[in-house]
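# Overview (structure and organization)
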2 protein chains.
Amino acid sequence: MVASPDAAGFGTPAHDSSADPFQDAIYRAAIVDLLGAVAYGEISAFERLSDDSRMAPTLEDKVALQGMASAQHVKVAPIVARLGELGVAPYAAMEPFREPIDAFHTHTAPADWWESLVKAYVGDGLVNDFYREIAGYLDAATRDLVLSTLEDSGRTEFAVDRIRAGITEDHVIAGRLALWGRRLMGEAVTQAQRVIASRDAVSEVLAGGRVPGLDLTTVATMFERITRHHVERMGRLGLAH
Amino acid sequence: MVASPDAAGFGTPAHDSSADPFQDAIYRAAIVDLLGAVAYGEISAFERLSDDSRMAPTLEDKVALQGMASAQHVKVAPIVARLGELGVAPYAAMEPFREPIDAFHTHTAPADWWESLVKAYVGDGLVNDFYREIAGYLDAATRDLVLSTLEDSGRTEFAVDRIRAGITEDHVIAGRLALWGRRLMGEAVTQAQRVIASRDAVSEVLAGGRVPGLDLTTVATMFERITRHHVERMGRLGLAH
């Protein structure tokens, strides 16, 4: 599936403003992987959010979580279209990511409404941070597509309100949810590492030399920033990291 | 909750083009019920469609059903807003309809993907037919709101394609699905009758005399037309009624 490094011109930055980065078969394969993972992540998030909406204590809360699920769905079609433009079968491109993303959800199945809310908020935040970080290194078309999935405009704010209110009412849940937030982050990192390790093109692109400015040091800094934002988000919920 | 018939001027048509129909407390209560039922129907349909999407044989089919669920969600907010304008607590207005609508779904839980598809298509069709029928008798604001929930533009066509293909491949399922279609229709009628019988304002409005042109004879004709459309829909699926 992935062209050999020699054929793709390993060591040469894959794209500058003039060249078509998709001439580089490895860059192309990495982008197909990225879009496949993002799309399956959204399909899967829809599934989990709609599942979790059953635990909502009120009809209004249920509708709010259904809304978060629907917001995931509308992001799928543009990625499917783009994968098609890139000449790949969109749903086949998602297949490699089903197992790790499903594993993430299986290992972080919320036990109650509070854990659902924290997962919805923290998960959304992590995913958005990752997209924002990676987008800057991509070709313009992919960057715009990835960034277009970010406009979430306060849909998750209801989660913040509910969780803060819940903690005020019952301090005991704060400790449990703080632990839960750490578990979500840990599991996300574990699965992300598994995915990167199993996808040759993604590993190569992240290792550096193909995309200007992107190498293992940048990636490490990126993950540090994502972790810092996670800690800030937990703080916003009134939870210690 | 419902004003007494005398106070509301029982026997006088509730609205013509000049009068405000919401001056009639019974008409108003019936509209609140209608909107509450429609909104909870959509919330509940989201839940069932997203549930059923798990049975999808392919990721593409799953996304299609998630899309049908999301299409339900976007219809909820305008009704919630309208119920607010009418001065009622929107989610409280939905409460009386949870039990019968949930009962409909419990009694028609699809056993497999084929039954899910037929339910999605037939259920959507029945609901849309009912809205189209009733809308013509309502005040302009309510009519426009109800009709705005109808623009479905071929989203269910995928269900028709899939079912027809499935029947071509395996003739045995046609008999079972024909039976299933009858059960869906029967259960819908049963629950609709229960709802009407339990809601005084709705019963009164349907009994006639409050809304010009609407009485028990019109209602009977309405249900005959809905049944006929159901039979046509089953035929479009390649299923006998």
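All right, on to the relation of the copies chain A and chain B then. Relating one copy of the chain to the other takes a rotation about an axis and a shift parallel to that axis. Relative to chain B, chain A is turned by 180° and slid 0.0 Å along the rotation axis, the superposed coordinates differing by an RMSD of 0.0 Å. What we have between these two chains is a two-fold relation. Closest approach to the rotation axis among the C-alpha atoms of chain A is made by A:Ser70, whose C-alpha sits 2.4 Å away. Looking at chain A, 100% of its interface residues are interface residues in chain B too, so the copies touch through the same face.

Under the counting rule described, the total for this entry stands at five aromatic pairs over all chains. Note on A:Phe46 and B:Phe46: the rings are 5.6 Å apart at their centroids and 35° apart in plane angle, and the pair reads as tilted. One end of the pair, A:Phe46, is in helix H2 (residues 25–52); the other, B:Phe46, is in helix H1 (residues 25–52), on a second chain. The same class applies to A:Phe46 as to B:Phe46, namely buried. Seen from their ring centres, B:Phe130 and B:Tyr131 are 6.1 Å apart, and the 55° between their planes marks the pair as tilted.

The next thing to look at is the interface of chain A and chain B. Contacts between the two partners involve 23 residues from chain A, matched on the other side by 23 residues from chain B. Overall, the association of chain A and chain B removes approximately 2200 Å² of surface from exposure, summing both partners, and the carbon and sulfur fraction of that is 59%. Residues B:Arg54 and A:Glu47 are paired through a salt bridge, measuring 3.9 Å at the closest nitrogen-oxygen approach. Joining chain A to chain B, the criterion identifies six residue pairs in polar contact (both at pLDDT 80 or more). Sorting the residues of the side of chain A that touches chain B by element identifies H2, helix H3 (59–85) and helix H4 (90–94) of chain A as the ones contributing at least two each. Per-element accounting of the side of chain A that touches chain B gives the leading share, 10 residues, to H3(A). Residue classes in the side of chain A that touches chain B are distributed as nine nonpolar, six polar and eight charged.

Residue and element names in this part refer to chain B. Taken N-terminus to C-terminus, the directions of H1 and helix H5 (residues 98–107) make an angle of 35°; their axes are 10 Å apart at the nearest point. Here H1 and H5 pass one another in a crossing that is right-handed. In this structure, H1 uses Ala37, Tyr40, Gly41, Ser44, Ala45 and Arg48 to contact H5, whose residues at the interface are Arg98, Ile101, Asp102 and His105.

All names here are of chain B. The full count for this structure, using the stated rule, is 32 salt bridges over all chains. Arg48 is the partner of Asp102 in a salt bridge, and the nearest nitrogen-oxygen pair spans 3.7 Å. Placement of the pair is Asp102 in helix H5 and Arg48 in helix H1, with a sequence separation of 54 residues. Judged by relative accessible area, which is 22%, Asp102 ranks as partly exposed. Close ionic contact of Arg82 with Glu85 constitutes a salt bridge, the shortest N to O distance being 3.0 Å. Of this pair, Arg82 and Glu85 both sit in helix H3 (residues 76–85), separated by three residues, roughly a single helical turn. The class of Arg82 is buried, set by a relative accessible area of 15%. When its relative accessible area of 59% is taken as the criterion, Glu85 is described as exposed.

Cut-offs and rules
- Residues numbered from 1 in each chain as written.
- Chains lettered and ligands numbered in written order.
- Predicted model: local features only at pLDDT ≥ 70, side-chain atom pairs only at ≥ 80, totals over all residues.
- Heavy atoms only, no water.
- Least-squares fit on C-alpha atoms with pLDDT ≥ 70 in both.
- Contact = heavy atoms within 4.5 Å.
- Phe/Tyr/Trp six-rings, centres within 6.5 Å; stacked < 30°, edge-to-face > 60°.
- Helix = DSSP H or I, 4+ residues; strand = E, 2+ residues; numbered from the N terminus.
- Buried < 20%, exposed > 50% of the residue type's maximum accessible area, 1.4 Å probe, protein only.
- Buried area = accessible area lost by both parts, 1.4 Å probe.
- Salt bridge = Lys/Arg side-chain N within 4 Å of Asp/Glu carboxyl O.
- Polar contact = N/O pair within 3.5 Å; in protein donor to acceptor, adjacent residues only side chain to side chain.
- Nonpolar A, V, L, I, M, F, W, Y, C, P; charged D, E, K, R; others polar.
- Axes fitted to C-alpha atoms, helices over the stretch in contact; angles between N-to-C directions.
- Left-handed = near helix turned anticlockwise from the far one by under 90°.

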